[in-house]
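Given next are the chains, with one letter for each unit.
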Amino acid sequence: MKKIYTLKSKLVLLLCLFCTAMSLKAQVVNNEGFEGVTFPPAGWTIVTVSGTAGVWSRVTAGVFPTQAPNTGVGEAQFNSFNASTGNVFGLVSPVFDLSNRGANTVPVSFWMYRDVGYPALADKIDVLVNTTAGVAGATNLGTINRSTTLTPVVAADGWYQYTFNIPASYNTASNYFILQATSAFGDNMYIDDVQWTAYPPACTGTPNPGNTVSSAASVCPGIGFTLTPQNNTAGSGTSFQWQ
């Protein structure tokens, strides 16, 4: 006998297949190119380590040195050209979940403009990772100096991409990386096209044959459906109807 599928059964099947795929691949890649005019972008914060506030900003073109964004129309600028030596401010990422990372490598990458101006002055970006939105107790993943003559040495002015891997010990739901800028009173520093990977929990709340799930929290993200409380004659708690 030929099986007849109703629209609702087809939607349930598609939802189950989607959640199965999400379970197998819980990796989420995030990007920030500073295209929006609001700065810091939504979810981002600026933490003061030392100095006067206002040295991180969004610009559409750079001066000291003259340059342009790596891609698009926006970039993040740290005004080390005017900030006295020792001004230190961190640009803190949104919180991201690594509770399902397993043995996966978790990269954080960004593009930084390097120039030869004031070649001996070590304006720099330290890349930190922490379980809180601050620098106390953070792990330093590495340092990129602005000057092309300082580590890591490059041959010419321009944009360069740098990637750092977050240690395996960071495996909870609360993680942040921090682009900590330090002024040496040299040229300005520019950051663009930041990318980082999250590994949130795999979804498990697929509707059962009765089109119910036990809770809203475990349903696959990105799926639009309504959860309506139903009578529960078994007495095992509230169930939800998928509609």
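Refer to the structure above for everything that follows.
Residues numbered from 1 in each chain as written. Predicted model: local features only at pLDDT ≥ 70, side-chain atom pairs only at ≥ 80, totals over all residues. Heavy atoms only, no water.

Trainee: Quick one: what's the story with the pattern of salt bridges, residue by residue and with numbers?
Mentor: In total, this model carries 3 salt bridges according to the counting rule given. In this structure, D115 engages R146 in a salt bridge whose closest nitrogen and oxygen atoms are separated by 3.1 Å. You can see D115 sitting in the loop between β6 (106-114) and β7 (124-130) and its partner R146 sitting in the loop between β8 (139-145) and β9 (158-166), a full 31 residues away along the chain. No difference in accessibility class separates D115 from R146, as the two residues are buried. (Salt bridge = Lys/Arg side-chain N within 4 Å of Asp/Glu carboxyl O. Helix = DSSP H or I, 4+ residues; strand = E, 2+ residues; numbered from the N terminus. Buried < 20%, exposed > 50% of the residue type's maximum accessible area, 1.4 Å probe, protein only.)

Trainee: Break down the nonpolar core for me, citing the residues and quoting the values.
Mentor: If you look at the biggest cluster of nonpolar residues, it comprises 34 residues, and the most contacted ones within it are W56, F110, I125, I166, L179, I191 and V194. Every element with two or more residues in this core is listed here: β4 (75-78), β5 (88-92), β6, β7, β8, β9, β10 (176-182) and β11 (189-198). Setting aside residues up to four positions removed in sequence, W56 forms contacts with F39, I46, A76, Q77, F78, F89, G90, L91, I125, L179, A181 and I191. V92, L128, Y176 and I178 belong to the second-largest nonpolar core, a separate cluster that totals 5 residues. (Core = buried A, V, L, I, M, F, W, Y, C linked by side-chain atoms within 4.5 Å. Contact = heavy atoms within 4.5 Å.)

Trainee: Residue-level account of the side chain of E75, with values.
Mentor: Tracing the chain through its elements places E75 in strand β4. With no salt bridge to any partner, buried E75 finds its closest opposite charge in R58, at an N-O distance of 9.3 Å. A distance of 3.0 Å separates polar atoms of two side chains, one belonging to E75 and the other to Q67. (Lys, Arg positive; Asp, Glu negative; His and termini not counted. Polar contact = N/O pair within 3.5 Å; in protein donor to acceptor, adjacent residues only side chain to side chain.)

None of the figures reported here should be taken as evidence of function without further support.
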